[in-house]
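Structure at a glance
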Amino acid sequence: MHVVHGPVGVVMTSDDVIQGRYARQIVLKEIGEAGQRRIGDAVAVVAGLGALGTLSAEILARAGVGTLRLVDRDLVELSNLQRQCLFAEEDARASLPKAEAAMRRLRQINSAIRYTPIVMDINPANVERMAEGATVVVDGLDNFYTRMVINEACVKLRVPLVYGACLATYGSAATVIPGETACLHCLFPDVALAAAPPLTCETVGVWAPVAVVVAAWQASEALKIASGHAAITSRELVHVDLWRNELTRLPAARVPGCRVCGARKFDLLAEPARLATASLCGEHAVQVVPPPSFDLDFDLLCTTLARTVHVDRNPYLVRFRAGDRDVAVFRDGRAIIFGTSDANEALSLYGKYVGN
Ligand SMILES: [Zn+2]
């Protein structure tokens, strides 16, 4: 086998290199050299790097998507490793943010494409910057509020979005081509946007193989879009339950009066920023997000904390114990309080140790 080593962040464009690495993809009559070049020019956003996001990101990186924006708010935990394919025990020991750990692993897999790791909570204040200029956004999120915020941004900016979700042994996927197909608000108009859904992967678990099936569907749709074949993406909502051996395809028609893709009213994007909390799916933990105006002096915080508690820090975050809770504070001022699902307790600890 012909192996090519290139400098990190440099896209190798010679035909020899492209044909060597991507030969089995180029020979597909559906892709060809023209499709491969379009994939190389594409910018894909992977929003959320849990099971779905890491699996999709690996397929997209191996396929040669030119630029990958890797977005996640969380850090790697041991309980992620059962299903989140880019992470290893060492990443959990080092408390690495998932976006950073994912990029390190993907660079070992394909050093010839560009990566932009973004450690942040996706919210109305930053979602449009995240999706701007993207060829496609892949949904690897764990909650419907953020998913609906991204849906509004993608419809507003006319960026295709590939939805995916999984829980327990079932999962679903759908593709949003703004202006042509149903958006997520058409499909789920009444979805509760509460921070904590009634069922989470923490309480009912996730069967890793179903995440692989859903992520494969999403990556396939994303690669169709990236290679210039958005017209043949699915127009249905697919649902799979691997335990019950069921595959269901439901019609996903646009709703004429849809607030988002019909009236183009983007209510979630217009919401003012505030100090907010969210339970993290899959963990007994609460995230606290300060408003964009909050300006944290990270080094000063670390110095101050170190006077009273033992701190572990890396370039991205500082971790410490607060009573019987474990707290991580990121450079941007966000915090994750582990060991509780109580938003008020999380806000109280945040105010005590970080301020607001
Ligand atoms: Zn719609």
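Let me begin by describing the structure that accompanies this report. (Residues numbered from 1 in each chain as written. Predicted model: local features only at pLDDT ≥ 70, side-chain atom pairs only at ≥ 80, totals over all residues. Heavy atoms only, no water.)

Here we take up the overall build of the chain. Within the chain, the secondary structure is distributed over 13 helices and 14 strands. Its C-alpha atoms give the chain a radius of gyration of 20 Å, near enough to 21 Å, the size a compact globule of 356 residues would have. Judged by the C-alpha coordinates and their principal axes, the chain covers about 65 × 50 × 40 Å. Expressed as a percentage of the 356 residues in the chain, the buried residues total 55%. Of the roughly 16,100 Å² that the chain leaves accessible, carbon and sulfur atoms contribute 55%. (Helix = DSSP H or I, 4+ residues; strand = E, 2+ residues; numbered from the N terminus. Rg over C-alpha atoms; globule rule 2.2 N^0.38 Å. Buried < 20%, exposed > 50% of the residue type's maximum accessible area, 1.4 Å probe, protein only. Areas by Shrake-Rupley, 256 points an atom, 1.4 Å probe, with all protein chains shown as cover.)

Across the six residues that make up strand β12 (residues 317–322), a large majority, five, are buried. For strand β11 (residues 311–313) and β12, the ladder comprises three bridges, and the chain directions are antiparallel. Opposite Val311, over in β12, you have Phe320 as the bridge partner. Linking β11 to β12, which pair antiparallel, is a turn of three residues. Taking the residues between adjacent antiparallel strands as the criterion, β12 and strand β13 (residues 325–330) are bridged by two residues, where Gly323 takes a positive phi near 65°. (Pairing = 2+ DSSP bridges.)

On to the packing of aromatic side chains, then. Within this structure, the stated rule accounts for six aromatic pairs. Their ring planes at 55° and their centres at 6.4 Å tell us that Phe294 and Tyr350 sit as a pair that is tilted. A residue pair is termed long-range when its members are at least 10 positions apart, and Phe294 in the loop between β10 (285–289) and α12 (298–306) and Tyr350 in helix α13 (residues 343–353) qualify at 56 residues. Between Phe320 and Tyr353 the ring centres are 5.2 Å apart and the planes differ by 50°, which places this aromatic pair in the tilted class. With Phe320 in strand β12 and Tyr353 in helix α13, this residue pair connects regions lying 33 residues apart in the sequence. This pair shows no difference in class: Phe320 is buried, exactly as Tyr353 is. Taken together, the ring pairs in this structure connect Phe144, Tyr163 and Phe188 into an aromatic cluster. The lysine or arginine in question, Arg334, covers the ring of Phe330, its NZ or CZ lying 4.1 Å from the ring centre. (Phe/Tyr/Trp six-rings, centres within 6.5 Å; stacked < 30°, edge-to-face > 60°. Lys NZ or Arg CZ within 6 Å of the ring centre and 35° of its normal.)

Structurally, Ser95 is set in the loop between α5 (89–93) and α6 (98–109). With residues up to four places along the chain from it excluded, the contact list for Ser95 reads Leu75, Asn314, Leu317 and Arg319. (Contact = heavy atoms within 4.5 Å.)

Distances from the zinc ion to its protein donors, Cys183 (SG), Cys186 (SG), Cys258 (SG) and Cys261 (SG), fall at 2.3 Å. Every donor counted, the four donor atoms about the zinc ion form angles of 95 to 123° at the centre, which fits tetrahedral coordination. Each donor residue of the zinc ion belongs to the same chain, and together they define the spacing C-x2-C-x71-C-x2-C. Separated by 75 residues along the polypeptide, Cys186 in helix α9 (residues 184–187) and Cys261 in the loop between β8 (246–251) and β9 (276–279) bring together distant segments of the chain. Given the relative accessible area of 8%, Cys186 is considered buried. (Donors = N, O, S within 2.8 Å, 3.2 Å for Na, K, Ca; no water. Tetrahedral: all angles 85-135°; square planar, octahedral: opposite > 155°, others 65-115°.)

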